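Inside the fold
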Amino acid sequence: MPIITYRQALNDTLGEELARDPNVLLMGEEIGVFQGSYRITEGLLQEFGPKRVVDTPIAEEGFVGVAVGAAMLGLRPVVEIMTINFILVAIDQVVNHASKIHYMFGGQVRVPLVIRTPSGGTGQLGATHSQSFENWFAYCPGLKVVAPATPYDAKGLLRAAVRDDDPVIFIESLALYDTKGEVPEDDDYVVPIGLAEVKRPGTDVTVVAYSRMTAVALQVAQRLANEGISVEVVDLRSLRPLDRPTIIASVKKTNRAVVIAEDWYSYGVTAEIAASIQEQAFDYLDAPVQRVAGLEVPLPYAKELSAASKPNANSLIYAIRQVLAGKT
Amino acid sequence: MAKVEDAARAALEREHVDDLKHYYSQMLLLRRFEERTSEMYVKARIGGYCHLNLGEEATIVGLMAALTPDDYIFTNYREHGYILARGVPPGPVMAELFGKETGVARGRGGSMHLFSREHHFMGGYAIVGGQVPLAVGAAYALRYQGRPGVVVAQMGDGTTNIGAFYESLNLAKLWQCPVLFFIVNNGYGMGTSVAMGSSEPDLWKKGASFRIHGEQIDGTDVLAVRDAVRRLRARAEAEGEPAILDVVSFRFRGHSVIDADRYRDPEFVRAGRAAHDPVRNFAALLLEHAIVDEAWLKATAERIDREVQEAIDFANASPDPSFEDLYANMYATPVPNTPGPEDALRAARINRGES
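Residues numbered from 1 in each chain as written. Chains lettered and ligands numbered in written order. Predicted model: local features only at pLDDT ≥ 70, side-chain atom pairs only at ≥ 80, totals over all residues.

**Quick word on the overall build of chain A**
- Across its full length, chain A carries 12 helices and 14 strands.
- Taken over the C-alpha trace, chain A has a radius of gyration of 20 Å; the compact-globule value for 328 residues is 20 Å, and the two agree within 12%.
- Each principal axis of the C-alpha distribution contributes one length, and for chain A these read about 65 × 45 × 40 Å. (Helix = DSSP H or I, 4+ residues; strand = E, 2+ residues; numbered from the N terminus. Rg over C-alpha atoms; globule rule 2.2 N^0.38 Å.)

Pasting the structure below:
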């Protein structure tokens, strides 16, 4: 099976979906002439032309709203928001409009819309360019929120998202774009929205993660295997709907759980997962659920402060040792 | 003055009598529907917020008279009259206000969120400005797919102060979208007058820096509204040229049914209602020119009163939405790990104290 980058998987999929369905179009800032701020859309303007690959002005509320309205009439826009931080000025269109239109109008109209955007922080981007807001959207009924960790899932979930008739928030990560993985050629697979996956089986502790933190969790699991600690990694892949059965089944098997996410600690994704585990697997737990998340500051620019504010392999290993303390 | 009257007479003579009667009937339907809606609200048959189109009948009927079945309409939350004038029967509209399963949005939307796909009535929206980019997007889709028609983005005067409006103007012009920005200018956004909220109180000028043509129109004159929309609609459809219509009318009552309207001088309101009642003025005009007689007006009023009463009866007799359908239409494409009828029923039993 060919090994390609996460970026290539996204680029290939966008091109294939543009070729497959004439109602699919891409919209976003700098996605055409500039070739994409992170080169996800590289070459697509040349291949498909300006009708299908639409450069927008800096007007997120406006063009996200345009995409929602166009979707209501049958187009299938795939919008790129340069980073998730900029979606805040468009949040009215996503939360008050896209998420509600199908339900609120009694099912008469569909909103087949994808919004792709990288979330999280890397490389000293500072307070306003390093945030994780996927929980804001995962909170909202009517949206679907996915966050693939591997090139394989990126491709399969993006296909599923483009072909889905509901608004899908597709969370990417700058730090994942250059990561590599196996992706089959000539295989029209989709990864279903709403299903988590056990990315690595284990017996001592369950680590629940998504997106870049799944990659961190898999590295940690490999490292701890050398010490004889068997870590099971559950990759959420979808945040809404949330696949609680897969999480709970894993925790019932390992009896211990650590949840890791890049967002802020209070009210973040880890809180939701930990609450679900105590509700549905309380009697199976041999230790309190540990949460690893971002420190609650506007992310400072200074290199050391910035790095120390984000969860990483060390903080995950620390939490795993906490839940394993006393295990015989 | 004589000249004006002559012009009005000449204009009327060019009209089909049946059209004029139809406009009057529609305006009266809107008037009576809203008066009865207000009554039903006070009787607590209707909940939530409820905004009436009283005083805006000519604006609405004139707009709809100029549109074709290909066209699409997006409105704000003061939209009962728009969906009626677009041809949706009063029964399902009243049923929606009553929160019934037979309502135009199956009781999920309410007064502010009416919808009819069949009639291209693409929804009432209740976040000020939110519907404006949606309408531009619909127009974008028409252009993309090479379909005929235009899209109307209806809004109030207060909406012209929010960012979404300006982003929409820019995108509509930039991408040559066939959209009409239809501003129902009744002088007030809730209690804030146009002069208090807009540094440019001539709202039709607000497209100038986007190179969008704008016009002010007398929103109490059904024919003036219709003719302006027809003209600008044709240009939008043929050339992809958006336009702003600043349609001035008089709001008869407070912002919503429960607004006591304390910020407007009662004398101003009384005089405004006396001078600018589009329904009464149109009836007088039709009488004056012998297009209709008193007997026709009386018969029409009786017919419409009956029609509105039947709508109320229909709404009353309609079933409430079933709790097991709570999660129906949550998603258009089903996905795993979502709640279903059983979950809804269990939650309902607990909520009612039955479990």
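Read on for the rest.
**Details of the sheet that holds strand β7 (residues 213-218) of chain B**
All names here are of chain B.
- Across the sheet, 6 strands lie side by side as β2-β1-β3-β4-β8-β7; this open sheet has parallel pairing. Edge positions in the open sheet fall to β2 (121-124) and β7, since each of these has one partner strand only. The mean angle between the axes of side-by-side strands here comes to 15°, regardless of whether they run parallel or antiparallel.
- Those strands touched by helix α9 (residues 222-239) are β4 (179-185), β7 and β8 (243-248), and its axis lies near 170° from that of β8. (Pairing = 2+ DSSP bridges. Axes fitted to C-alpha atoms, helices over the stretch in contact; angles between N-to-C directions. Contact = placed C-beta atoms within 7 Å.)

**Examining the domain arrangement of chain A**
- What the domain assignment lists for chain A is domain 1 (3-182) and domain 2 (197-324).
- With 24 residues of domain 1 of chain A in contact, the opposing surface of domain 2 of chain A contributes 21 residues. (Domains from an automatic or database assignment.)

**A look at the packing of helix α3 (residues 57-66) of chain B against α9(B)**
Residues and elements named next belong to chain B.
- Where α3 meets α9, the axes come as close as 7 Å, and the angle between the chain directions of the two elements is 40°. The way α3 lies across α9 gives a crossing that is right-handed. For the pair α3 and α9, the contacting residues are A58, T59, V61, G62, L63, A65 and A66 in the first and V222, L223, V225, R226, V229, R230 and R233 in the second.
- Split by residue class, the contact of α3 with α9 holds 9 nonpolar, 2 polar and 3 charged. (Left-handed = near helix turned anticlockwise from the far one by under 90°. Nonpolar A, V, L, I, M, F, W, Y, C, P; charged D, E, K, R; others polar.)

**Focus on helix α12 (residues 294-317) of chain B**
- Its 24 residues give α12(B) an end-to-end C-alpha distance of 34 Å, which sits within 8% of 34 Å, the value for a rise of 1.5 Å per residue.
- On its buried face, α12(B) is in contact with α2 (17-42) and α5 (90-97) of chain B. (Expected span 1.5 Å × (residues − 1).)

**Description of unusual backbone geometry**
- Cis geometry marks the peptide bond from A:R240 to A:P241; its omega dihedral reads -5°.
- Note that A:P241 resides in the loop between β12 (238-240) and α9 (244-254).
- Of note, the phi angle at B:R211 is positive, near 60°, even though the residue is not glycine.
- Tracing the backbone shows B:R211 in the loop between α8 (194-197) and β7.

**Observations concerning the sheet that holds strand β7 (residues 168-172) of chain A**
All names here are of chain A.
- Spatially, 7 strands are ordered β3-β2-β4-β5-β7-β6-β12 in an open sheet, and the strand pairing comes out mixed. Only two strands of the sheet have a single neighbouring strand rather than two, namely β3 (53-55) and β12. The average undirected angle you get between the axes of adjacent strands in this sheet is 20°.
- Of the strand pairs in this sheet, strand β2 (residues 24-28) and strand β4 (residues 76-80) are connected by 5 bridges, and their pairing is parallel. Paired with G28 across the strands is E80, a residue of β4.
- Each of β2, β4 and β5 (114-118) is contacted by helix α3 (residues 60-72), which is oriented at about 165° to β4, the strand it contacts most.
- This element, helix α7 (residues 151-163), spans β2, β4, β5, β6 (144-146) and β7 of the sheet and lies at about 160° to β7.

**Comments concerning the nonpolar core**
- By size, the foremost hydrophobic cluster in this structure holds 195 residues, and its most contacted members are B:A138, B:A153, B:V179, B:L180 and B:L245.
- Three or more residues apiece are contributed to this core by two domains, here domain 1 (3-182) and domain 2 (197-324) of chain A.
- In this structure, B:L245 is in contact with B:L180, B:F181, B:F182, B:I183, B:E215, B:I217, B:A228, B:V229 and B:L232, ignoring residues within four places of it in sequence. (Core = buried A, V, L, I, M, F, W, Y, C linked by C-beta atoms within 7 Å. Buried ≥ 20, exposed ≤ 12 C-beta atoms within 10 Å, placed from the backbone.)

**Concerning the environment of B:G187**
Residue and element names in this part refer to chain B.
- Assignment of secondary structure puts G187 in the loop between β4 and β5 (188-189).
- Using a count of 17 C-beta atoms within 10 Å as the deciding quantity, one classes G187 as partly exposed.
- Taking the C-alpha atoms as reference points, G187 and G156, 31 residues apart in sequence, are found 9.0 Å from one another.

**Some words on the interface of chain B and chain A**
- Between chain B and chain A, the contact holds 35 residues from the first and 42 residues from the second.
- Secondary-structure elements contributing two or more residues to the side of chain B that touches chain A are β2, α6 (131-145) and α7 (163-174) of chain B.
- Examining the composition of the side of chain B that touches chain A, we find that 9 residues originate from one element, α6(B), more than from any other.
- Of the residues assigned to the side of chain B that touches chain A, the class counts are 19 nonpolar, 12 polar and 4 charged.

**Let's talk about the confidence of the model for chain A**
- Confidence in the prediction for chain A averages 97 pLDDT; 100% of positions are at 70 or higher.
- The secondary-structure element of chain A with the lowest mean pLDDT is helix α11 (residues 303-309) of chain A, recorded at 94, while strand β11 (residues 231-235) of chain A shows the highest, at 99. (pLDDT = per-residue confidence, 0-100.)

**Describing the packing of α2(B) against helix α11 (residues 278-288) of chain B**
Residue and element names in this part refer to chain B.
- Closest axis-to-axis distance for the α2/α11 pair is 10 Å, and the angle between their directions is 150°. The angle between α2 and α11 falls in the class roughly antiparallel. Once α2 is placed against α11, the crossing between them reads as left-handed. Mapping the contact onto sequence places L20, Y24, M27, L28 and R31 in α2 and P278, V279, F282, A283 and L286 in α11.
- Residue composition of the contact of α2 with α11, grouped by class: 9 nonpolar, no polar and 1 charged. (Parallel < 35°, antiparallel > 145°, perpendicular 65-115°, else oblique.)

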